[in-house]
Amino acid sequence: QVQLVESGGGLVQAGGSLRLSCAASGRTFSNYAMGWFRQAPGKEREFVTRISWGGGTAYVDSVKGRFTISRDNAKDTVYLQMNSLKPEDTAVYYCAASQAWGRDPLLFPYWGPGTQVTVSS
């Protein structure tokens, strides 16, 4: 089992920045690919970004150039730096862990409880 806990969400004005953190425990963190997903009210959970065991990354087009995922294996933590935030980024953000590589939420068996990000216009 892998336990995940997100932090760093909040309310920010459009154009602002937030940094989300996700602390992992329970298994060897470096063995897992980590992903960030988000879910807005009335919408399905969507892939945002992921980072591999070795640091390779992928992003959904809507956040490219604005969001950056990183990981610190010594601290068992993954981060999501979000810049130039837009109202459409408003959602609950979840981190997830997987030993598979892909964007499908079904590939991720471990999830945090989520953290709310609200961007005001």
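Please refer to the structure higher up on the page.
All of the points below concern the structure found in this document. What you see as residue numbers is a count from 1 along each chain, following the sequence as written. Per-residue local features are limited, in this predicted model, to residues with pLDDT of at least 70; the limit for side-chain atom pairs, both in listing and counting, is 80 or more; totals at the level of whole chains, interfaces and linings are taken over all residues. Only hydrogens and water are set aside when side-chain values are computed; all heavy atoms of the structure are taken into account.

1. Comments concerning unusual backbone geometry
- In this structure, aspartate 76 is a non-glycine residue whose phi angle is positive, near 55°.
- Secondary structure counts use DSSP, requiring at least four H or I residues in a row for a helix and at least two E residues in a row for a strand, with both numbered from the N terminus. Examined against the element boundaries, aspartate 76 turns out to sit in the loop between β7 (67-72) and β8 (77-82).
- One non-glycine residue with positive phi stands out, namely serine 84, at about 50°.
- Note on placement: serine 84 falls in the loop between β8 and β9 (91-98).
- Partly exposed residues are those whose accessible area sits between 20% and 50% of the maximum for their type, while under 20% is buried and over 50% is exposed, using a 1.4 Å probe and protein chains only. Classification of serine 84 by relative accessible area gives partly exposed; the value is 41%.

2. Examining the nonpolar core
- Membership of the largest hydrophobic core comes to 34 residues, with the highest contact counts inside it found for Leu4, Met34, Trp36, Met82 and Tyr93.
- Mapped by element, the contributors of at least two residues to this core are β3 (18-25), β4 (33-39), β5 (46-51), β7, β8, β9 and β11 (115-120).
- Here this core takes five residues from β9, the largest share from any one element.
- Only heavy atoms matter for contacts: two residues are in contact if any of them lie within 4.5 Å across the pair. Apart from residues no more than four positions distant in its own chain, leucine 4 is found in contact with Cys22, Ala23, Ala24, Met34, Cys95, Ala96, Ala97, Tyr110, Trp111, Gly112 and Pro113. The criterion is simple. A nonpolar core is a set of buried Ala, Val, Leu, Ile, Met, Phe, Trp, Tyr and Cys residues joined through side-chain atoms within 4.5 Å.

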